[in-house]
Amino acid sequence: KRLLSGPNPRGHPRLCPICQVEHDLLLLTNDKGFGNIVTYPPATHEGIIVLRITASTEAQVHHDLLRLLSDCERNSLRHRLAVVDHRKYRIRSE
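Residues numbered from 1 in each chain as written. Predicted model: local features only at pLDDT ≥ 70, side-chain atom pairs only at ≥ 80, totals over all residues. Heavy atoms only, no water.

Some details on the overall build of the protein chain
Here's step 1: If you tally the helices and strands in the protein chain, you get two helices and six strands.
Here's step 2: Moving toward the C terminus, one meets the helices and strands of the protein chain in the order β-β-β-β-α-α-β-β.
Here's step 3: In the protein chain, which comprises 94 residues, the share counted as buried stands at 33%.
Here's step 4: A separation threshold of at least 6 residues defines the contact pool for the protein chain, and within that pool the share at least 24 residues apart is 44%.
Here's step 5: Per element, the accessible surface of the protein chain, about 5900 Å² overall, is 53% carbon and sulfur. (Helix = DSSP H or I, 4+ residues; strand = E, 2+ residues; numbered from the N terminus. Buried < 20%, exposed > 50% of the residue type's maximum accessible area, 1.4 Å probe, protein only. Contact = heavy atoms within 4.5 Å. Areas by Shrake-Rupley, 256 points an atom, 1.4 Å probe, with all protein chains shown as cover.)

Okay, structure coming up:
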């Protein structure tokens, strides 16, 4: 199921309504396309976490994700893009 719903007034694809600012939800995905802050400007969503993790065990994915979530409070991820891999994570804003 795709999470895109067509272009917004600025010409950028939009996240589906449930992932937009008014719902206070983060999008967790392994789709690297969501890592493009030009296409998905952080101000237009509550936050995106992109998992840049190759095929691994479920436990390893949870470990890598929990590293980010235990270090960061919810508000520090608001309107941000977080990219997580096996070694580190980085958080970007506009």
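The rest of the description comes next.
Quick word on unusual backbone geometry
Here's step 1: One non-glycine residue, histidine 79, lies in positive phi territory at about 60°.
Here's step 2: One can find histidine 79 in the loop between α2 (74–77) and β5 (81–84).
Here's step 3: Classification of histidine 79 as partly exposed rests on a relative accessible area of 26%.

Overview of the pairing of strand β4 (residues 48–51)
Here's step 1: Of the two faces of β4, the one holding Ile48 and Val50 and the one holding Ile49 and Leu51 are both buried throughout.
Here's step 2: As paired strands, β4 and β5 are joined by four bridges and run parallel to one another. Across the sheet, isoleucine 49 pairs through a bridge with alanine 82, a residue of β5. (Pairing = 2+ DSSP bridges.)

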